[in-house]
Amino acid sequence: MTRTLATIAGAGGFPGPYELALDPGRSTLDTAKLVARRAEAARIDALFVPDLLVFGAQGTIGAQEPLIFVAALSQVTSQAGLIATVSTTFHHPFNLARLFGTLDHVSNGRAAWNLVTSSIGEQNFGPGELPSPEQRYARAAETIEVVNALWDSWRPGALRAGPDGRAVLDPALIEPIRHAGEFFQVEGPLNIPPLPQRRPVLIQAGQSEAGIALGARYAEIVFTALPTLADAREFTSRIRGRAAAHGRTPHLPLIFSSFHATFGATEEEARRLVRERLDAIDYERGRGLVADMLGGGVDLSEAKLDEPLPESLLPEIGAINRRRGRAEIFSRLIREGRTLRELIQAAQDTGHWSVAGTPEQLADAVQERFEAGVLDVLSLGGLHDDTQHDFVVNGLLHELRKRGIVKDDYRGATLRENLGLALP
C-alpha cells in the first residue's frame, strides 16, 4: 500500500459553551457537528477532541467531556474516526475498556483513545498531590496492559450466531484476565461484546523521556510538539529506535504533529496576519506563559524583553512534575539565545509547529516533513470558520491531493482501515 498522510480535524475546545448554555435554542454541540460534517465531506480521517480537567486552565472555560462529545458526533457521521482524550491518571482501566469499547460499537469501529497522563487535575481527583511523571507513566503502562487484556478477553468464536440466528455464547472462550499489579486488581473478563476493531486505535500524547518510553512500547500514533524539522527528525529517530527494540514494525508509531497554520491568499497577507497576531500579544502576561512552559518555577518578572535569558534560569528537568516535554523545548530555545520577547511569541503556539503562507506554501512545508519520514498524521484546525475552512479544504488539502500525499477517499469502514493500521 502506498504511504499517504492521514488527516485529523479538531472538533472540540471551541469558545462559547457558557454563552450557549444560556440559549435554550442552541446546543454546545452545534459547532462541533458542523465541523464533523465538513470534515467527513472533505474525507478527513478523524475528529479529535482534547480535554482539560480544571476550571480556567490555559485560558479556557467550559471544556466538554470528550467521550460523550464524540459519541454524539458518531451520530452525525458514518466514516470519520472519533478520537477522545482521556487521562490514565484519573480513570480506572475497567471503566476505560468499557467506555471506549462502547464508543467503538456505537460508531461501528471508529473509536480512538488519545491517552494522556495529565499535568493538571489533582485538585479535582484528590486527595494528594499530582504523582511524579515516573509514577504517572508507570500507571499508564499498567492501564494499557489491563485495557488491552480486557478487550482481548473474548476469544475468536466466543460470540456466534446459532442455527436460529440468535446469539450463542461459548463461556469457555471468554476468559478472566486475573490482573494483580502495582496499581490495579482486575478480575475480568470485559462485560461487553467483542469490538468491531478488536481494539480502538491507541494514540499517546507526551514527549518527555518517560512519554517516549511509553509511546515506543504501546502507541500506534504519538501526538507531539515538533517546532522544527530537526526536532522532528531527532524525535522520530529516537522513538522508532526504541519501538524497534520492542520488536515493533519499523513504521510504528506513526508521528502525529500539531500544525499551527496561518493562511493567506498571498504571502504578504499571511505575513500581515502574523504581524497582527504578534502585535496583539500582552507581553507582560506572556512572561507567566513562558514561566509555565519552563515548569512554573521560574521568575521572569525582571527579565528584559529584548535580551536573551541567562542559562542560570534553566530548570532542572528531572525536578519538573508537569509538562517536561515543553520545558525541554523552551530550555533549548534559551540555550540558542532567544530573547524573552521571542520566547513569549513561541509560547503562543506552546512549542508547536507553526507555519504561515499561502496554501501552496503550507503544502510545501507539509510535503518536506512527509517526505523526510517524520510526519504521518497532520492536524487541521479552523473548519468551523468559513474562510479557514476554504483555505484548508479547497487550498491545502486540494494541493496535497494533487501531489499524491493525501488520499482522495476513505479506505474502509473502520478507523484502522483508514489509517492503514493492522489489527493488533
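Here the residue numbering is sequential within each chain, running from 1 through the sequence in written order. Only residues with pLDDT of at least 70 are given local features in this predicted model, and only at 80 or more are side-chain atom pairs given and counted; all residues enter the totals for whole chains, interfaces and linings. Where side-chain values are given, they derive from all heavy atoms of the structure, hydrogens and water being excluded.

Draft legend 1. Structural view of the nonpolar core. The definition of a nonpolar core used throughout is a set of buried Ala, Val, Leu, Ile, Met, Phe, Trp, Tyr and Cys residues joined through side-chain atoms within 4.5 Å. Exposed residues in this analysis have more than 50% of their type's maximum accessible area, buried residues have under 20%, and partly exposed residues fall in between, with area computed by a 1.4 Å probe over protein chains only. Counting 66 residues, the largest nonpolar core has Leu-47, Phe-100, Trp-113, Leu-378 and Leu-396 as its most contacted members. The way it works is that DSSP assigns letters per residue, a run of H or I at least four long becomes a helix, a run of E at least two long becomes a strand, and they are numbered from the N terminus. Per-element accounting of this core gives the leading share, 8 residues, to helix α5 (residues 133-151). Residues contacting Leu-47, with those up to four places away along its chain left out, are Ile-8, Ala-9, Ala-11, Val-35, Ala-36, Ala-39, Leu-73, Thr-77, Ala-80, Gly-81, Leu-82 and Ile-83. Contact between two residues is taken to exist if any of their heavy atoms lie within 4.5 Å; hydrogens are not considered.

Draft legend 2. The packing of α5 against helix α6 (residues 209-218), seen in detail. Relative orientation of the contacting elements α5 and α6 amounts to 15 degrees, with a least axis distance of 10 Å. By the angle class used here, α5 and α6 are roughly parallel. Here α5 runs over α6; the crossing is right-handed. The residues of α6 that touch α5, namely those facing Tyr-137, Ala-140, Ala-141, Ile-144 and Glu-145, are Ala-210, Gly-211, Leu-214, Arg-217 and Tyr-218. Three residue categories are used. Nonpolar comprises Ala, Val, Leu, Ile, Met, Phe, Trp, Tyr, Cys and Pro, charged comprises Asp, Glu, Lys and Arg, and polar comprises the others, including Gly. Grouping the constituent residues of the contact of α5 with α6 by class yields 7 nonpolar, 1 polar and 2 charged. Note on geometry: axes are lines fitted to C-alpha atoms, helical ones only across the stretch in contact, with angles between N-to-C directions running from 0 to 180 degrees. Should an angle fall under 35 degrees it is called roughly parallel, over 145 degrees roughly antiparallel, and 65 to 115 degrees roughly perpendicular, with every other angle called oblique. Left-handed describes a crossing whose near helix is turned anticlockwise from the far helix through less than a right angle; right-handed describes the clockwise counterpart.

Draft legend 3. Region of interest: the side chain of Arg-287. If you trace the backbone, Arg-287 turns up in helix α9 (residues 283-293). The residues contacting Arg-287, other than those within four sequence positions of it, are Leu-300, Ser-301, Glu-302, Ala-303, Leu-305, Leu-340 and Ile-344.

Draft legend 4. Inspection of the pattern of salt bridges at higher detail. Throughout this description, the term salt bridge denotes a Lys or Arg side-chain nitrogen within 4 Å of a carboxyl oxygen of Asp or Glu. By the definition in use, this model includes 26 salt bridges. In this structure, Arg-238 engages Glu-209 in a salt bridge whose closest nitrogen and oxygen atoms are separated by 3.1 Å. With Arg-238 in helix α7 (residues 229-245) and Glu-209 in helix α6, the pair connects residues that are 29 residues apart, well separated along the chain. Classification of Arg-238 by relative accessible area gives partly exposed; the value is 28%. For Glu-209, a relative accessible area of 40% gives the class partly exposed. Between Glu-220 and Arg-416 there is a salt bridge, with its nearest N and O atoms 2.6 Å apart. Highlighted residues: Glu-220 in the loop between α6 and β10 (221-224) and Arg-416 in helix α14 (residues 415-419), separated in sequence by 196 residues.

Draft legend 5. Structural detail: helix α3 (residues 66-73). Among all positions in α3, only Pro-66, Leu-67, Phe-69, Val-70 and Leu-73 are buried. An end-on view of α3 places all buried positions within 160 degrees of arc, on one side of the element. Pairs of N or O atoms within 3.5 Å make up the polar contacts considered here, provided that, within protein, one atom can donate a hydrogen while the other can accept it, and that residues adjacent in sequence are counted only when both atoms are side-chain atoms. Where α3 starts, the residue carrying a side-chain oxygen 3.0 Å from the main-chain nitrogen of Leu-67 turns out to be Glu-65. The arc under discussion is defined with respect to the helix axis, by the directions toward the C-beta atoms.

Draft legend 6. Local environment of the packing of α6 against α7. At their nearest, the axes of α6 and α7 sit 8 Å apart, and the two run at 50 degrees to each other. Classified by the angle their axes make, α6 and α7 are oblique. With respect to the hand of their crossing, α6 and α7 are arranged in right-handed fashion. Residues Glu-209, Ile-212, Ala-213, Gly-215 and Ala-216 of α6 lie in contact with α7, whose contacting residues are Phe-235, Arg-238, Ile-239, Arg-242 and Ala-243. Of the residues in the contact of α6 with α7, the class split is 6 nonpolar, 1 polar and 3 charged.

Draft legend 7. Examining the sheet that holds strand β4 (residues 111-116) more closely. Here, a strand pair is defined by DSSP locating no fewer than two bridges between the strands. Ordered by their spatial adjacency, 8 strands build a closed barrel running β1-β2-β3-β4-β9-β10-β11-β14, and the pairing between neighbours is parallel. Each strand axis lies, on average, 25 degrees off the axis of its neighbour in the sheet, ignoring direction. Pairing analysis gives 4 bridges linking β10 to strand β11 (residues 254-257), with the strands arranged parallel. Residue pairing for β11: Val-222 is matched across the bridge by Ile-255. The sheet contacts of α3 involve β2 (46-49) and β3 (81-87), and relative to β3 the element is tilted by about 170 degrees. Packed on one face of the sheet, α6 meets β4, β9 (201-205) and β10 and runs near 165 degrees to β9.

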